Amino acid sequence: MEVDREDGRSQNQLRPLACSRNILHRAHGSASWSQGDTKVLAAVYGPKAGTKKNENPEKACIEVIWKPKTGQIGKPEKEYEMILKRTLESVCILTVNPNTTTSIIVQVVNDDGALLPSAINAACMALVDAGIPMKHLAVAVCCCVAKSGYVILDPTKLEEQQKMKAFAYLVFPNSVHSVLPEGSLRVEGEPIENGIITSVTHGIMSVDDYFYCLERGRAASVKLSDFLRRNLQQQSTDSSKAG
Amino acid sequence: MGLPNASGDLSTEVEVDAFRRLFPLRFYEKHLLESIRPDARPLGRARETTIALGAVASANGSALAKIGSTTMLAAIKMEVMTPSLETPDEGCIGLLPLAARFPVSLSLLKTPGRPAEAAPVVAKQLSDTILSSGMINLKELSLVSGKAAWMAYLDIYCLDADGALFDTALLSAVAAFSHLEIPVVSLNDDGKIVLSEEQGLSDREPVNKEKRKINLSSVPFSLTCVLHKNYILADPTAEEESIMDTIVTVVLDSSSQLVSLQKPGGTVLAYTSAIQDCIALTRQRVKELQKILEEAISGMEVD
Amino acid sequence: MAAKPGSAPVTYSPNLGQKTRPPIFKDNDLDWVRPDGRGFHQCRPAFFRTGAVNSASGSAYAELGSTKVIVSVFGPRESKKAMMYSDTGRLNCNVSYTTFATPVRGQGSDHKEFSSMLHKALEGAIMLETFPKTTVDVFALVLESGGSDLPVVISCASLALADAGIMMYDLVAAVSVSCLGKNLVIDPVLEEESYQDGSLMLTCMPSRYEVTQLTFTGEWSTPDINEAMQLCLDACNKLGKVMRTCLKEAASGSQE
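Residues numbered from 1 in each chain as written. Chains lettered and ligands numbered in written order. Predicted model: local features only at pLDDT ≥ 70, side-chain atom pairs only at ≥ 80, totals over all residues.

Trainee: I would appreciate a short explanation of the overall build of chain A in the present structure.
Mentor: Helix and strand content of chain A: 4 helices and 9 strands. Based on the C-alpha atoms only, the size of chain A along its principal axes is roughly 50 × 50 × 40 Å. Evaluated residue by residue, chain A yields a buried proportion of 47% over its 243 residues. Partitioning the intrachain contacts of chain A with sequence separation of at least 6 by distance along the chain shows that 71% fall at a separation of at least 24. (Helix = DSSP H or I, 4+ residues; strand = E, 2+ residues; numbered from the N terminus. Buried ≥ 20, exposed ≤ 12 C-beta atoms within 10 Å, placed from the backbone. Contact = placed C-beta atoms within 7 Å.)

Next up, the structure:
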């Protein structure tokens, strides 16, 4: 099915990705992530001693602070903070540093669609940069169901507002390279990277559309996780040369 | 946490309550093996649900929804506003001030902090769900095109919290909208909308003769499930939510369209089959809730 | 999809609520009927129930006419660290209204005053020395305001405290009287409260025959005060009995 998008992408094509790490000097880890014109900056401070009130001191605590591009933090931002916190908690190994708090500050530099997935990707890379122990990466994708029924990936702001009746933000684990034999990491016959860490949807879609989104999202997350892997390998070799 | 097997030896020695507090996860897993939950429910069964319509007489529409012991009171008050220029013949749902208000008391629960922290998030999810479900046709809230329209302020108070906060909030909101009765109003000499009977304007033509009820087109209902290993527990209590941290909330409307599927993180990864199971459980639950709501409404009509 | 931020439109209620005062109150006409058809010295039927909120240590729901109140009690729990050491327990009271409690939405947000009055009314009845270093929180939520809100809140709160097992000398019952022209009207409804010339609220411990709080507002003559107080004391006695039966029923119900 041919779909024309403003920027001439095909429906499954992501916008150009860019990621650089260790860009802030004071933070323990930082990353900037851009996906087309959407750009997000994430900084990680910690682990610091002590957990906040009402948190389990037997585990590490993760705190997310969302800074919008302009204006004050409102209800949508609170929701983003909650989703980010829960998502990152499930990828980090919280038992390594019990009774500590790690703060992640997410600064939106520019919002041109797919903001939450970009923020999740940025935060994840910043955590890697800070050396926080993690089980695997989280790879976030935004899928949109258009009014005419087709599904597109990684929409721009314009597309989000005009054409779409519903969208789904999906977060998957990255594909694992393992020394274990093929298939040993499968759960119920599905590879681990097919499991959903986080799913958030807005708008009405049929159940079938949702499963189609899942399928498209999984395909895209493979590409994204390849990008992340390359990016991490490249920068680690760079820094080892410099050091 | 110390020795992983410490609980195994203790389970025969200590009292049930002590075991439950010390090793909550073990306690639940022992139950799950038998496919039953500590409150004697099977895994897929929701708690007893009741709806009482018209709980508050000072509001135009109100409902008290109870799922297990989670209790929410929703009430709608209708006020008049001048519609915006872009949408001259549409009313508005007062979702801006909508906040699932949790009284201070609930921020001091035994699992402290949770509802207070959850309040803005539940409120945001709720307004997203109600707006995007298209349950209410905003055009029905219009009074005089371009001049006056209804603003339906929806306020929800959580009187008691024991898990499944979003489900209860949505149910109470939906029930309050179905109980809503719009007062008869007319335009007075100052160009203001006033209640017809009270101002002695009953001889005048009311502005809204026929629009006394709002037609709810596709009503959304939701079910929250907790995932733990391969188990799916429908309609969790607060205890279950705090012990097993992977929560999936599915919202379906009456024509089985997916309105929202929320899974904010959690240690368990949801695979396609688990998602399918959750959706199937929600389908069943939607039927149950529809029936409960219909019964509540027909019960009102008899009186 | 996103809610329009910032621009909350100005709204007004079609219910203006500015009715002229019925002439009936101006004359010294003794034949007028109260809005709900009660006699002047007749209270509304009271309904109480304890244990309405499971997550609280104690709670009570009260309904008198259209006044509906729910009170939950939490604690005793450790006082905040910032607080000074104290031999006696602390009581923390808070009264709030739902936005839909009053005929016009969102009126009556100022209830600091009610909170402190609730505190003073209960303080004298609770044995604070039985829970040193700790705090008991009393949260009252007025679901629907139908007149005599504060007395209902106070009576309901004392039941909730009893339900929570907080040691008290006695239950606290509260009743108010409004003065309308020459008439004394007990347990006034919202409409009567808006016309009243003066009001008196008395809270007491019926079995000990002790008053914990007494407030007057408006214009009163000495004989009227005496009469009103006597009316209140009698009504408190009866209310106290109703509350006691409610507690007994709850206790016998849980034993079975």
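Once the structure has been displayed, the description carries forward.
Trainee: Hey, could you run me through the nonpolar core in this one?
Mentor: A general feature of soluble globular proteins is that nonpolar side chains tend to end up buried together. With 227 residues, the main nonpolar core has Ala-123 of chain A together with Val-71, Leu-118, Val-138, Ala-140 and Val-153 of chain C as its most contacted residues. With 12 residues, helix H2 (residues 115–130) of chain A is the single largest residue contributor to this core. (Core = buried A, V, L, I, M, F, W, Y, C linked by C-beta atoms within 7 Å.)

Trainee: Explain the sheet that holds strand E5 (residues 100–110) of chain A here, please?
Mentor: Sheets are built from strands that pair by backbone hydrogen bonding, the pairs being arranged parallel or antiparallel. Residues and elements named next belong to chain A. The sheet built from 5 strands is open, its strands ordered E1-E2-E3-E5-E4 with mixed pairing. This sheet does not close on itself; its edge strands, each paired only once, are strand E1 (17–21) and strand E4 (61–67). On average, each strand axis in the sheet is tilted by 15° relative to the strand beside it, whichever way the strands run. Pairing between strand E2 (residues 29–35) and strand E3 (residues 38–49): 7 bridges, direction antiparallel. From the neighbouring strand, Trp-33 faces E3, where its bridge partner is Val-40. Lying over the sheet, helix H1 (residues 75–91) contacts E4 and E5, oriented at roughly 145° with respect to E4. Here H2 sits on the sheet in contact with E1, E2, E3 and E5, set at roughly 150° to E2. (Pairing = 2+ DSSP bridges. Axes fitted to C-alpha atoms, helices over the stretch in contact; angles between N-to-C directions.)

Trainee: Can you help me understand the UniProt feature "domain: Exoribonuclease phosphorolytic" (unreviewed entry) in chain C in this one?
Mentor: Following the UniProt record, the feature "domain: Exoribonuclease phosphorolytic" (unreviewed entry) maps to residues 42–166 and 170–231 of chain C here. Each end of residues 170–231 of chain C is marked by a C-alpha atom, and these two atoms are 20 Å apart; helix forms 26% of the span and strand 47%. (UniProt positions renumbered as here; feature names shortened; annotations may be inferred.)

Trainee: I would appreciate a short explanation of the sheet that holds strand E13 (residues 258–262) of chain B in the present structure.
Mentor: Residue and element names in this part refer to chain B. Spatial ordering of the open sheet is given by E11-E10-E12-E13, a layout of 4 strands whose pairing is antiparallel. What marks the edges here is a single partner per strand, and that holds for strand E11 (231–234) and E13. Neighbour-to-neighbour, the strand axes of this sheet turn through a mean angle of 20°, independent of strand direction. Bridge count between strand E10 (residues 220–228) and strand E12 (residues 246–253): 8 bridges; the pairing is antiparallel. Residue Leu-223 lies in a different strand from E12, and its bridge partner there is Val-250. Contacting E10 and E12, helix H5 (residues 165–179) crosses the sheet at an angle of about 170° to E10.

Trainee: Explanation requested: the interface of chain B and chain A in the structure shown.
Mentor: How big an interface is tends to be expressed through the accessible area that disappears when the partners come together. With 29 residues of chain B at the contact, the number on the chain A side is 32 residues. When residues of the side of chain B that touches chain A are traced back to their parent elements, those giving at least two are helix H4 (114–133), E13 and helix H7 (272–302) of chain B. Residue contributions to the side of chain B that touches chain A peak at 7 residues, all from H4 of chain B.

Trainee: What's the story with the confidence of the model for chain C in this structure? I'm lost.
Mentor: Fine structural detail should not be taken from predicted coordinates in areas where pLDDT scores are low. Residues and elements named next belong to chain C. Mean pLDDT for chain C: 83, with 86% of residues reaching 70 or above. Mean pLDDT values for the elements of chain C range from 74 in strand E1 (residues 11–12) up to 94 in helix H2 (residues 149–163). Scored below 50 in pLDDT, residues 1–7 shows 9 contacts in the model against residues more than four places distant or in partner chains. Overall fold confidence (pTM) sits at 0.86, and the ipTM for the predicted complex is 0.84. (pLDDT = per-residue confidence, 0-100.)

Trainee: Where do I start with the environment of Val-56 of chain B in this structure?
Mentor: Residue and element names in this part refer to chain B. Of note, Val-56 is situated in the loop between strand E1 (49–53) and strand E2 (61–67). Under the C-beta neighbour-count criterion, Val-56 is labelled buried, with 24 such atoms within 10 Å. Sequence spacing of Val-56 and Ala-296 is 240 residues, and the spatial spacing of their C-alpha atoms is 15 Å.

Trainee: For this particular structure, what's the right way to read the packing of H1 of chain A against H2 of chain A?
Mentor: For any two helices packed against each other, one specifies the inter-axial angle together with the distance between the axes. Residues and elements named next belong to chain A. It is the contact of H1 with H2, at a shortest axis distance of 11 Å, that shows an interaxial angle of 40°. By the angle between their axes, H1 is oblique relative to H2. Between H1 and H2 lies a crossing whose hand is right-handed. Contacts between H1 and H2 involve Tyr-80, Ile-83, Leu-84, Thr-87, Leu-88 and Val-91 from the former and Leu-116, Ala-119, Ile-120, Ala-123, Cys-124 and Leu-127 from the latter. By residue class, the composition of the contact of H1 with H2 is 11 nonpolar, 1 polar and no charged. (Parallel < 35°, antiparallel > 145°, perpendicular 65-115°, else oblique. Left-handed = near helix turned anticlockwise from the far one by under 90°. Nonpolar A, V, L, I, M, F, W, Y, C, P; charged D, E, K, R; others polar.)

Trainee: Any chance you could explain unusual backbone geometry here in plain terms?
Mentor: A negative phi angle is the norm for most residues apart from glycine, just as the trans form is the norm for most peptide bonds. A cis geometry characterises the amide bond from Gly-46 of chain A onward to Pro-47 of chain A, with omega recorded as 0°. When you line up the elements, Pro-47 of chain A lands in strand E3. Its identity is not glycine, yet Ala-40 of chain B carries a phi of approximately 70°, on the positive side. Positive phi is not limited to glycine here, since Ala-164 of chain B has a value of about 50°.

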